[in-house]
Amino acid sequence: MWDLDEHGGASFRVSGWHLQVDYRPDGLRLSASNDGSQDCLAMISLSGGVLPGLGEQFIRGDELHLSMPQAEDGQAGLDLVLLVIKADRDCLVIESTLSIQTLLLDAHPQVELTIATDGPYVQAVQESAAVFTRSPSAKVQTEMPSVSILVDRRDELSINNENWANGKLTFFGDFMEKGVIRKSQPWWVWATTTPDPARLKALAEELSERPLPLTS
């Protein structure tokens, strides 16, 4: 169950995992730990600027909703829905539905996902999804979870993976018409060890069976 705190953050605790979500002007921070391990920090942000102010935050069933309407000097508004797909002692899987919309006649908004560890960046291709992983360096591997981002092949037209070598996974970024809503639905997989390829393959197949969010 999600819990909202008095500072505008939200947290989820399950099977020894603790996921903390906090709004900051430079990005939404997703911080995951397992049984008191070091936090593995990830960021969701808009390229080339600050996030719009947090307009609304609420829980609907098992989903955490955050709405950041477009500011007067901004390129776009951003909405985020987080849903816990599964959790056990070794793995936490979160679905993130990203939605952007612009009120401008000429805009090229781009969403960035960043993983803040010092380990190598790895990209793999499953039958139904692209998998982007960053594991901690050997010196902290036993103290910090690894994290993978799964992007379904049906969704890959929205993704620019050329930036992954620089630590950023970017979505959208091309011309966007006023009033159009674009969505993407990557999964986040935190694991206590280096992610097992067989498990990632099974999760990729499960993701392929999830309905993609409608766009307009």
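For the structure itself, consult the block above.
Calculation criteria
- Residues numbered from 1 in each chain as written.
- Predicted model: local features only at pLDDT ≥ 70, side-chain atom pairs only at ≥ 80, totals over all residues.
- Heavy atoms only, no water.
- Helix = DSSP H or I, 4+ residues; strand = E, 2+ residues; numbered from the N terminus.
- Rg over C-alpha atoms; globule rule 2.2 N^0.38 Å.
- Buried < 20%, exposed > 50% of the residue type's maximum accessible area, 1.4 Å probe, protein only.
- Contact = heavy atoms within 4.5 Å.
- Areas by Shrake-Rupley, 256 points an atom, 1.4 Å probe, with all protein chains shown as cover.
- 1 Å grid on protein atoms, 1.4 Å probe; cavity = no way out; pocket = protein on both sides within 12 Å on 5 of 7 lines; lining within 4 Å.
- Points joined across faces, edges and corners; volume = space filled by probe spheres on them.
- Nonpolar A, V, L, I, M, F, W, Y, C, P; charged D, E, K, R; others polar.

A. View of the overall build of the protein. Helices and strands together make up the secondary structure of the protein, namely one helix and 17 strands. For a compact globule of 216 residues, the expected C-alpha radius of gyration is about 17 Å, and the protein comes in at 16 Å, within 12% of that figure. Oriented by its inertia axes, the alpha-carbon framework of the protein measures out at about 50 × 40 × 30 Å. In the protein, buried positions account for 50% of the 216 residues. A sequence separation of at least 24 residues applies to 58% of the contacts in the protein between residues at least 6 apart. In the structure as shown, the protein presents an accessible area of about 10,300 Å², 49% of it carried by carbon and sulfur atoms.

B. Examining the layout of surface pockets more closely. Reported here for the largest pocket is a volume of approximately 440 Å³. Along the wall of the largest pocket there are 28 residues; nearest its centre are Asp79, Leu80, Val81, Ser99 and Lys183. The biggest single contributor to the lining of the largest pocket is strand E8 (residues 77–87), with six residues. Along the lines of polarity and charge, the residues of the lining of the largest pocket split into 14 nonpolar, eight polar and six charged. Of the pockets and cavities examined, the second largest pocket occupies roughly 240 Å³. What lines the second largest pocket is a set of 15 residues, and nearest its centre among them are Gly49, Val50, Asp73, Gly74 and Gln75. Looking at the lining of the second largest pocket residue by residue, the class counts come to seven nonpolar, seven polar and one charged.

These figures capture arrangement, not role.
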